[in-house]
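Take a look at the letters that make up each chain.
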Amino acid sequence: MGKSSVINALVGAKLARTSSTPGRTRAINFFELRFAGKPRPELIFADLPGYGYAKISREISAQWPDFIDPYLKERPTLALCLALVDSNIPPQDSDRQLIEFLTASGRRFLIVATKSDRQSGNQLHNALRVLTEQHPGARVVPFSAKTGAGKEELWQEIRKAAEVRAVSRS
């Protein structure tokens, strides 16, 4: 379960298409979240291709930085980036590179430790400790799209970032 599963778990509907094969997202997909009766979206989620465990050709993944890097660096309305890291496996170089990129870009981000339901309490604690040691100062939220664990905490972070963004625009 990856990025699309997190989006679907957050909104409580099958908004983003999921696949059993990692790396199916090949473009930036936007999802508008609207409250009933509101003409404009309250939030817009952007689902970007993942750099990590994608079963695609190097030729295709080599093109991603051409549109992902400028999006992350230059998008003025981007309030928060979620760096999804599989908590079941040791942090990958691609995870580290993304987090370093976001830090260097000055982007507000949050590390979301996905699949947190697949580990015992001790294993999850150790995985979270490793992430916080490798990325001091970064906020890490354990999350499970399957059980909903961490959903409310993640929503709180998203709302807070949206409010900060709204205040800075006015």
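Remember, predicted model here, so these are calculated numbers, not experimental data. Numbering of residues begins from 1 in every chain and follows the order in which that chain's sequence is written. Where totals are concerned, whole chains, interfaces and linings use all residues; where local detail is concerned, this predicted model gives features only for residues with pLDDT of at least 70, and gives and counts side-chain atom pairs only at 80 or more. No hydrogens and no water enter the side-chain calculation; it runs on all heavy atoms of the structure.

Visitor: Got a sec to walk through unusual backbone geometry? Specific residues and values, please.
Guide: In this model, K115 sits at a positive phi of 60 degrees, which is unusual for a non-glycine residue. A helix here means a DSSP run of H or I that spans at least four residues, while a strand means a run of E at least two residues long, and both kinds are numbered starting from the N terminus. Checked against the element boundaries, K115 lands in the loop between β4 (109-114) and α4 (121-134).

Visitor: Hey, could you go over helix α1 (residues 3-11) for me, with residue numbers and the actual values?
Guide: Within α1, 7 of the 9 residues are buried, leaving the element largely enclosed by the surrounding structure. Two residues or fewer after α1 comes G12, characterised by a positive phi angle close to 75 degrees. Note on classification: 1.4 Å probe, protein chains only; a residue is buried when its accessible area is under 20% of the maximum for its type, exposed when over 50%, partly exposed between these limits.

Visitor: Report on the sheet that holds strand β3 (residues 81-86), specifying residues and quantitative values.
Guide: Whenever strands of a sheet pair, they do so through backbone hydrogen bonds, lying parallel or antiparallel. By definition, two strands form a pair when at least two bridges between them are found by DSSP. Sheet architecture is open: 3 strands sit in the order β3-β4-β5, paired in parallel fashion. In the strand order of this sheet, the two ends are held by β3 and β5 (140-142), each with one partner. Neighbour-to-neighbour, the strand axes of this sheet turn through a mean angle of 30 degrees, independent of strand direction. The pairing of β4 with β5 spans 3 bridges and is classified as parallel. Bridging from a neighbouring strand, I111 pairs with V140 of β5. By definition, residues are in contact when any of their heavy atoms lie within 4.5 Å. Helix axes are fitted only over the stretch in contact, all axes being lines through C-alpha atoms; the angle between N-to-C directions runs from 0 to 180 degrees. Its contacts with the sheet place helix α3 (residues 93-105) against β3 and β4, and it is angled at close to 160 degrees to β3.

Visitor: So what's going on with the confidence of the model for the protein? Which residues, and what values?
Guide: Here the protein shows a mean pLDDT of 83. Residues at 70 or above account for 83%. Each residue gets a pLDDT score, which is the predictor's confidence in that residue and runs from 0 to 100. Confidence scores differ between elements of the protein, with helix α2 (residues 58-74) showing the lowest mean pLDDT of 72 and β5 the highest of 95.

Visitor: Outline the pattern of salt bridges, supporting the account with residue identities and numerical values.
Guide: Think of it this way: side chains of opposite charge can pair up when their charged atoms draw near. Just to be clear on terms, a salt bridge is a Lys or Arg side-chain nitrogen sitting within 4 Å of an Asp or Glu carboxyl oxygen. Counted by the stated rule, this structure contains 9 salt bridges. Two residues, R34 and E32, come together in a salt bridge whose shortest N-O distance is 2.5 Å. In this structure R34 comes out as partly exposed when scored by relative accessible area, which is 44%. For E32, a relative accessible area of 44% puts it in the partly exposed group. D93 is the partner of R96 in a salt bridge, and the nearest nitrogen-oxygen pair spans 3.9 Å. On the criterion of helical spacing, the pair formed by R96 and D93 is a turn pair, its members being 3 residues apart in helix α3. R96 gets classed as partly exposed once you look at its relative accessible area, which sits at 32%. Given a relative accessible area of 54%, D93 falls into the exposed group. One salt-bridge network, in which partners are shared between bridges, spans R139, E153, E157 and K160.

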